[in-house]
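Next come the chains, spelled out residue by residue.
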Amino acid sequence: MTTAPLSLEHLIRPSSIIKGKPPVLFMFHGYGSNEEDLFSFAPELQEQFCVISVRAPYPMEAFGNAWYAINFDAANGKWSDDEQAKSSRDKIVVFIDEACKTYGLDTDNITLLGFSQGTILSYSVALSYPEKIKNVVALSGYINEGILVDGYQDKSHKDLKIYASHGQVDQVIPPEWAQRAPEFLSNLGIEHVYEEFPVGHGVAPQNFYSFKKWLDDKI
């Protein structure tokens, strides 16, 4: 399928469903990557999903793109631009609405799949706007409360379902950051699964098959 000129660049794999509005799975890549990265999963995912892999809005100098800047300096260590992250959160929400309207997708069956920085944004969108999102696959990321909308905790999250996983030897995002998610999600009444795998900052084959199986009854 040819992509439409929407607000964010993207790749699309059409759903096998011909009649009615198909469910959609949006992919959000990590820092310094692009829309082609996670799209490599698309041929192996459930054919009922329309899969849309999205390019982050901020080009990086050497290559790739980012959802928000991450700066490194000796004095302050690693520092993330939360304001830019909030802007990306809002850009994603707008894009989701655009894509669902343009491609005729089911707005009641939206799944987000993120990796690393893409997971941080996926959490931000889903926890801020739980009325819009049905499922989240959160790979190698964590919840940044600083980029959630004000009053998110007062919203109903009972229909949101989340699969989260992390590498036990991840040197980019410490496992303990990800390990805070289960308690956070439980406090919001969100049904969730959290798993760890003996890998670094990446997705092991057993991790892929685990979240794919989790998605089987979410279509």
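Here is a short report on the structure shown in this document.

Thresholds applied
- The numbering scheme is per chain: residues are counted from 1 as the chain's sequence reads.
- Reporting of local features is limited, given that this is a predicted model, to residues whose pLDDT is at least 70; pairs of side-chain atoms are given and counted only at 80 or more, and all residues count toward the totals for whole chains, interfaces and linings.
- Side-chain figures throughout are based on the complete set of non-hydrogen atoms in the structure, without hydrogens or water.
- Numbering of helices and strands starts at the N terminus; helices are DSSP runs of H or I of at least 4 residues and strands are runs of E of at least 2.
- Taken over C-alpha atoms, the radius of gyration is set against a globule rule of 2.2 Å times the number of residues to the power 0.38.
- The buried label applies to any residue whose accessible area, calculated with a 1.4 Å probe on protein chains only, is under 20% of its type's maximum; exposed applies above 50%, and partly exposed to all values in between.
- Note on contacts: a residue pair is in contact if any heavy atoms of the two residues lie within 4.5 Å.
- With residues, only the protein chains shown are counted as cover, and all accessible areas are computed by Shrake-Rupley using a 1.4 Å probe.
- In this tally, Asp and Glu contribute negative charge and Lys and Arg positive charge; neither His nor the terminal groups of the chain are included.
- To locate a charge, take NZ of a lysine, CZ of an arginine, CG of an aspartate or CD of a glutamate.
- Strand pairing requires that DSSP identify at least two bridges connecting the strands.
- Axis lines are fitted through C-alpha atoms, for helices just across the contact stretch, and the angle between N-to-C directions can take any value from 0 to 180 degrees.
- Salt bridges are identified by distance alone: a Lys or Arg side-chain nitrogen within 4 Å of an Asp or Glu carboxyl oxygen.
- Among buried residues, the Ala, Val, Leu, Ile, Met, Phe, Trp, Tyr and Cys ones that are joined through side-chain atoms within 4.5 Å form a nonpolar core.
- A helix is expected to span 1.5 Å for every residue after the first.

Turning our attention to the overall build of the protein. In terms of helices and strands, the protein carries 6 helices and 11 strands. Relative to the globule expectation of 17 Å for 219 residues, the C-alpha radius of gyration of the protein, 16 Å, shows essentially globular dimensions. Referenced to the eigenvectors of the C-alpha coordinate spread, the extents of the protein come out at roughly 55 × 40 × 35 Å. Across the 219 residues in the protein, those meeting the buried criterion constitute 52%. Here the analysis covers contacts within the protein between residues at least 6 apart in sequence; of these, 75% occur between residues at least 24 apart. Summed over all atoms, the accessible surface of the protein reaches about 10300 Å², with 49% contributed by carbon and sulfur. Counting 18 positive and 29 negative side-chain charges, the protein places the averaged centre of each group 7 Å from the other.

On to the sheet that holds strand β11 (residues 191-197), then. In space, the 7 strands of this open sheet follow the order β1-β3-β2-β8-β9-β10-β11, with mixed pairing throughout. The two strands at the open ends of the sheet, each matched to only one other strand, are β1 (10-13) and β11. Across the sheet, the axes of successive neighbouring strands diverge by a mean angle of 15°, strand direction being ignored. Its contacts with the sheet put helix α2 (residues 82-103) on β1, β2 (24-28), β3 (50-54) and β8 (110-115), and the angle it makes with β2 is roughly 145°.

Moving on, we come to unusual backbone geometry. Unlike most non-glycine residues, serine 116 shows phi in positive territory, near 55°. Along the polypeptide, serine 116 turns up in the loop between β8 and α3 (117-128). A residue is classified by how much of its surface remains accessible, and serine 116, at 8% relative accessible area, is buried. Although it is not a glycine, serine 140 sits at a positive phi angle of roughly 55°.

Enumeration according to the criterion identifies 7 salt bridges in this entry. The salt bridge partner of glutamate 83 is lysine 86, with a shortest N-O separation of 3.3 Å. Here glutamate 83 and its partner lysine 86 are both found in helix α2, 3 residues apart, which amounts to about one turn of the helix. Of the charged contacts in the structure, one is a salt bridge between arginine 89 and aspartate 90, with a shortest N-O distance of 3.0 Å.

Here we take up the nonpolar core. One finds Phe26, Ile52, Trp67, Ile96, Leu112, Leu127 and Ile133 to be the most contacted residues of the largest nonpolar core, which totals 50 residues. Listing elements by their share of this core, those giving two or more residues are β2, β3, α2, β8, α3, β9 (135-139), β10 (161-167) and α5 (181-187). With 8 residues, the single largest contributor to this core is α2.

Before going further, it helps to examine α3. Here α3 spans 16 Å end to end across 12 residues, near enough to the 16 Å set by a 1.5 Å rise per residue. Along α3, 12 of the 12 residues are buried, which leaves the element largely enclosed by surrounding structure. Along α3, the positions that sit buried rather than exposed are Gln117, Gly118, Thr119, Ile120, Leu121, Ser122, Tyr123, Ser124, Val125, Ala126, Leu127 and Ser128.

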